Amino acid sequence: MFHKETYQKRRERLSNDLESGLILMLGNNYVGMNYAANTYPFRQDSNFLYFFGLDKAGLAAIIDVDNNNTILFGHNPTIDDIVWEGQVPGINDLAASCGVEHTEDSSTLSTLINKALKAGQKVHFLPPYRNANIIRLADLLGQPVESIKTGASIPLIHAVAAQRSIKSQEEIKEMTEAVNITRAMHIAVMQGAKAGVKEAELAGLAQQIAYAQGNGLAYPVILSKDGQTLHNHYHGNILQEGQLVLGDFGAQNSMCYAGDITRTCPVSSTFTAVQKSIYEIVLKAEVDAINACKAGVKYKDVHLDAAKIISAGLKDLGLMKGNVDEAVAAGAHALFFPHGLGHHIGLDVHDMEDLGEQYIGYDEETQRSDQFGTKYLRLGKRLEKGNVITVEPGIYFIPELIDKWYGEGMHKDFINYDALESFKNFGGIRIEDNILINDTDSTILGDPIPKTISEIESL
Ligand code: GLY
Ligand code: MN
């Protein structure tokens with residue numbers, strides 16, 4: 001974890017931003033896979049990690065803004081805990097490591113919250129996403145589950161987002177490490193992609209590196225010859241000459257910071273001419289988007305410019321037609337690029353998505369589109385110095401979507417449906433990097449990962 005002062009400063013700023021009330025933060029607990037004691041790998045709540053740095057199950061905390069007091073709640077290990085899990089730090093040691101002076105046994109949390117409610121204190125909490133914490137909050141606050149789901153504190157969401165959106169130098173260092181582990185995963189997978197290899201072998205290779213060099217995966221591996229399925233978790237195919245493999249996966253490092261990188265490579269040692277022509281369009285969209293990113297630029301505009309590059313490239317290949325600006329305004333590009341250009345990344349792969357994308361990715365100036373494709377853009381608002389985001393354009397040929405649009409006569413002024421028939425087995429290409437936003441430009445995190453056609457072919 002970072003030095004305790006980092007967490008003290010973050011909590012101090014949070015208290016100042018809130019001005020009044022009491023902030024209740026619940027850490028995560030173990031979740032049973034098939035019975036309680038056989039658990040999924042533990043993942044701490046990212047907000048709890050951000051403000052307390054404690055990567056341990058069964059913790060909670062209150063930051064009493066009115067009385068300038070922070071308390072960490074937990075248990076000291078019992079002899080049984082020590083027998084099964086070894087010596088683990090007690091609650092006082094955990095509190096000291098993140099600069100909290102007061103501790104209580106978890107059993108007292110309910111009494112303290114009751115006291116605060118009786119005294120008329122506002123209890124702020126963030127939107128819970130695990131059922132166990134929804135039920136716990138409902139119990140602690142004496143409210144029905146439904147009102148917990150909708151009752152999160154908007155001022156707390158804004159205050160947390162304001163801090164977590166801007167990454168500090170020490171966070172950038174951790175994120176760079178996460179990307180470099182992710183880089184090793186991608187290089188190994190691209191080198192291992194050849195005819196006769198099962199997708200599952202490559203997915204296993206990526207995971208082996210993530211666990212050996214870091215703290216496992218930041219999200220489940222997406223790896224498939226069928227890259228047109230955006231989040232394809234099926235790894236049962238055996239790769240064949242002439243196919244493409246799309247790999248979208250990333251490690252989390254020991255501090256739980258995420259990498260999220262995508263590369264697409266040929267199974268054969270070279271791309272075919274058609275694959276090259278589509279690849280070059282996606283690469284141009286990605287590189288130009290990265291070059292356009294800097295503080296003050298609206299990410300929605302960068303997204304729409306990427307859509308125009310994709311549409312212009314597909315028009316050159318005879319797959320689209322008509323005026324490119326009009327095609328993008330109408331949403332015709334979404335047949336090929338049906339997702340957003342990128343999102344915040346940090347402790348979460350889609351950073352702070354639990355807080356609500358309307359607060360993280362949009363604001364009064366920039367509203368979310370309701371048009372198919374652009375509506376999936378998770379981040380539209382102006383970029384700020386210190387944001388870390390993904391840039392991940394793609395071109396996909398989704399037979400079911402092509403047939404549906406054709407059947408409905410969708411955007412027939414902009415799409416050459418006849419020319420698309422031969423692309424229905426193409427799959428998809430996505431290229432993704434993680435970038436830091438600076439005042440006048442952006443920086444790709446980590447060491448370079450092969451990305452041009454010649455770099456990938458020489459792997
Ligand atoms: N890495 C998957 C995504 O960004 O949705
Ligand atoms: Mn991503």
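Residues numbered from 1 in each chain as written. Chains lettered and ligands numbered in written order. Predicted model: local features only at pLDDT ≥ 70, side-chain atom pairs only at ≥ 80, totals over all residues. Heavy atoms only, no water.

**Observations concerning the overall build of the protein chain**
Scanning the protein chain for helices and strands turns up 17 helices and 15 strands. Taking 2.2 N^0.38 as the reference for a compact globule, 459 residues should give roughly 23 Å; the C-alpha atoms of the protein chain span a radius of gyration of 24 Å, in line with that estimate. With the principal axes as the frame, the protein chain shows a C-alpha extent of 70 × 50 × 40 Å. Looking at the 459 residues of the protein chain, the share that counts as buried comes to 54%. Within the protein chain, counting contacts between residues at least 6 apart in sequence, those at least 24 apart form 73% of the total. Only carbon and sulfur atoms are counted for the fraction: they give 50% of the accessible area of the protein chain, which is about 20,000 Å². Taking the average location of the 40 positive side-chain charges in the protein chain and that of its 59 negative ones, the two points are 2 Å from each other. (Helix = DSSP H or I, 4+ residues; strand = E, 2+ residues; numbered from the N terminus. Rg over C-alpha atoms; globule rule 2.2 N^0.38 Å. Buried < 20%, exposed > 50% of the residue type's maximum accessible area, 1.4 Å probe, protein only. Contact = heavy atoms within 4.5 Å. Areas by Shrake-Rupley, 256 points an atom, 1.4 Å probe, with all protein chains shown as cover. Lys, Arg positive; Asp, Glu negative; His and termini not counted. Charge placed at Lys NZ, Arg CZ, Asp CG, Glu CD.)

**Describing the packing of helix α11 (residues 273-292) against helix α12 (residues 299-316)**
Geometrically, a packed helix pair is captured by the angle between its two axes and the distance between the axes. Packing of α11 against α12 brings their axes to within 9 Å, and their N-to-C directions diverge by 155°. Here α11 is positioned roughly antiparallel relative to α12, judged by the angle of their axes. Crossing of α11 against α12: the hand is right-handed. Packed against α11, whose contacting residues are I278, I281, K284, A285, D288, A289 and A292, the element α12 presents V302, A306, I309, I310, G313 and L314 at the interface. For the contact of α11 with α12, the class distribution of residues is 10 nonpolar, one polar and two charged. (Axes fitted to C-alpha atoms, helices over the stretch in contact; angles between N-to-C directions. Parallel < 35°, antiparallel > 145°, perpendicular 65-115°, else oblique. Left-handed = near helix turned anticlockwise from the far one by under 90°. Nonpolar A, V, L, I, M, F, W, Y, C, P; charged D, E, K, R; others polar.)

**Considerations on helix α1 (residues 4-18)**
Here α1 spans 21 Å end to end across 15 residues, near enough to the 21 Å set by a 1.5 Å rise per residue. Taken residue by residue, α1 has T6, Y7, R10, R11, L14, S15 and L18 as its buried positions. Viewed end-on, α1 has its buried residues packed into an arc of 165°, placing them on one side of the element. Across α1 from its buried face, at more than 90 degrees, point the exposed residues K9, E12 and N16. One or two positions beyond α1, positive phi appears at E19, with a value near 75°. (Expected span 1.5 Å × (residues − 1). Arc of directions from axis to C-beta.)

**Some points on the site of ligand 1**
Within the structure, ligand 1 sits among Y219, H231, D248, D260, H343, H350 and E392. In this structure, H231 approaches ligand 1 through a side-chain N or O atom, which is 2.8 Å from an oxygen atom. Note that an oxygen atom of ligand 1 is positioned 3.5 Å from one of the side-chain N or O atoms of E392. Notes on ligand 1: free accessible area 200 Å², of which the protein chains cover 92%. Looking at the shell around ligand 1 residue by residue, the classes come out as one nonpolar, three polar and three charged. (Near = heavy atom within 4 Å. Polar contact = N/O pair within 3.5 Å; in protein donor to acceptor, adjacent residues only side chain to side chain.)

**A short note on the pairing of strand β10 (residues 261-266)**
Burial analysis of β10 places six of its six residues in the buried class, which makes it a mostly covered element. Here β10 shows a buried face lined by I261, R263 and C265 and a second buried face lined by T262, T264 and P266. Judged from the six bridges that link them, strand β9 (residues 244-249) and β10 form a sheet pairing that is antiparallel. Bridging across to β10, F249 finds its partner in I261. (Pairing = 2+ DSSP bridges.)

**Structural notes on the side chain of H339**
Looking at where H339 falls in the secondary structure, it is placed in the loop between α13 (324-330) and α14 (357-360). With relative accessibility at 10%, the residue H339 sits in the buried group. A polar side-chain atom of H339 sits 2.6 Å from a polar atom in the side chain of Y396.

**Here we look at the sheet that holds strand β6 (residues 102-105)**
The mixed open sheet is built from five strands, whose spatial order is β6-β5-β4-β1-β7. The open sheet has two edge strands with one neighbour each: β6 and β7 (123-124). Across the sheet, helix α6 (residues 131-141) is in contact with β1 (22-26), β4 (60-64) and β7; its angle to β1 comes to roughly 145°.

**Some points on the coordination of the manganese ion (ligand 2)**
The protein atoms donating to the manganese ion (ligand 2) are D260 (OD), H343 (NE2), E392 (OE) and E432 (OE), with metal-donor distances spanning 2.1 to 2.3 Å. For the manganese ion (ligand 2), the donor residues sit on a single chain with the sequence spacing D-x82-H-x48-E-x39-E. Placement of the pair is D260 in the loop between β9 and β10 and E392 in the loop between β11 (388-391) and β12 (394-396), with a sequence separation of 132 residues. Judged on exposure class, the residue D260 and its partner E392 are both buried. (Donors = N, O, S within 2.8 Å, 3.2 Å for Na, K, Ca; no water.)

**Considering a nonpolar patch on the surface**
Where nonpolar side chains cluster on the molecular surface, the patch consists of V31, M33 and Y40 and spans about 270 Å² of accessible area. In this structure, V31 sits in the loop between β1 and β2 (32-35). (Patch = residues over 30% accessible without salt bridge, like charges linked within 9 Å, V, L, I, M, F, W, Y side chains within 5 Å. Salt bridge = Lys/Arg side-chain N within 4 Å of Asp/Glu carboxyl O.)

Shape descriptors only; they carry no functional weight alone.
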